[in-house]
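The chain contents come next:
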Amino acid sequence: MYYTLDGSRPTYSSAKLALAGMREGVQSITVNSDTTVNWFSIDIAGNVEGNYKPDGEGKNYNKQRVSVQ
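Treat the numbers as computed from the prediction; the structure is a model and nothing was measured.

Caption draft 1: Spotlight on the overall build of the chain. For the chain, the count of helices and strands is zero helices and four strands. The order of α-helices and β-strands along the chain, N terminus first, is β-β-β-β. Here the C-alpha coordinates of the chain stretch approximately 35 × 35 × 20 Å along the principal axes. A burial count over the chain gives 22% of its 69 residues as buried.

Caption draft 2: Structural detail: the side chain of Thr4. Secondary-structure assignment places Thr4 in strand 1 (residues 2-4). In this structure the side chain of Thr4 is engaged in a polar contact, spanning 2.6 Å, whose partner is the backbone oxygen of Ser8. If near-sequence neighbours (up to four positions away) are discounted, Thr4 is found in contact with Arg9, Pro10, Ser14, Thr36, Val37 and Asn38.

Caption draft 3: View of the pairing of strand 3 (residues 35-40). Bridge count for strand 1 against strand 3 is three bridges, and the pairing is antiparallel. Counted as the bridge partner of Tyr2 is Phe40 from strand 3. Two elements, strand 3 and strand 4 (residues 62-66), share five bridges in a ladder whose sense is antiparallel. When the bridges of strand 4 are listed, Val37 appears paired with Gln64.

Caption draft 4: Geometry of the nonpolar core. Ranked by size, the top nonpolar core spans five residues in total: Tyr2, Phe40, Val48, Tyr52 and Tyr61. Not counting chain neighbours up to four residues away, the residues in contact with Val48 comprise Tyr12, Phe40, Ser41, Ile42 and Pro54.

Calculation notes
Residues numbered from 1 in each chain as written. Predicted model: local features only at pLDDT ≥ 70, side-chain atom pairs only at ≥ 80, totals over all residues. Heavy atoms only, no water. Helix = DSSP H or I, 4+ residues; strand = E, 2+ residues; numbered from the N terminus. Buried < 20%, exposed > 50% of the residue type's maximum accessible area, 1.4 Å probe, protein only. Polar contact = N/O pair within 3.5 Å; in protein donor to acceptor, adjacent residues only side chain to side chain. Contact = heavy atoms within 4.5 Å. Pairing = 2+ DSSP bridges. Core = buried A, V, L, I, M, F, W, Y, C linked by side-chain atoms within 4.5 Å.

This is how it looks when you write it as structure tokens:
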């Protein structure tokens, strides 16, 4: 999963979240203030979720607003 926290669209150059280990869960992202996480994922075969084009102009990546209490 490639993601951004600054509101920009995620690309192949964005930060990457991966498995923490073979039998572990995924790594986590820490945020200290309210933000929007933008992301896309790629499966093991290299297929990008939802036909999103990270090197194109599309905006069909995933978005989730996160609030810090």
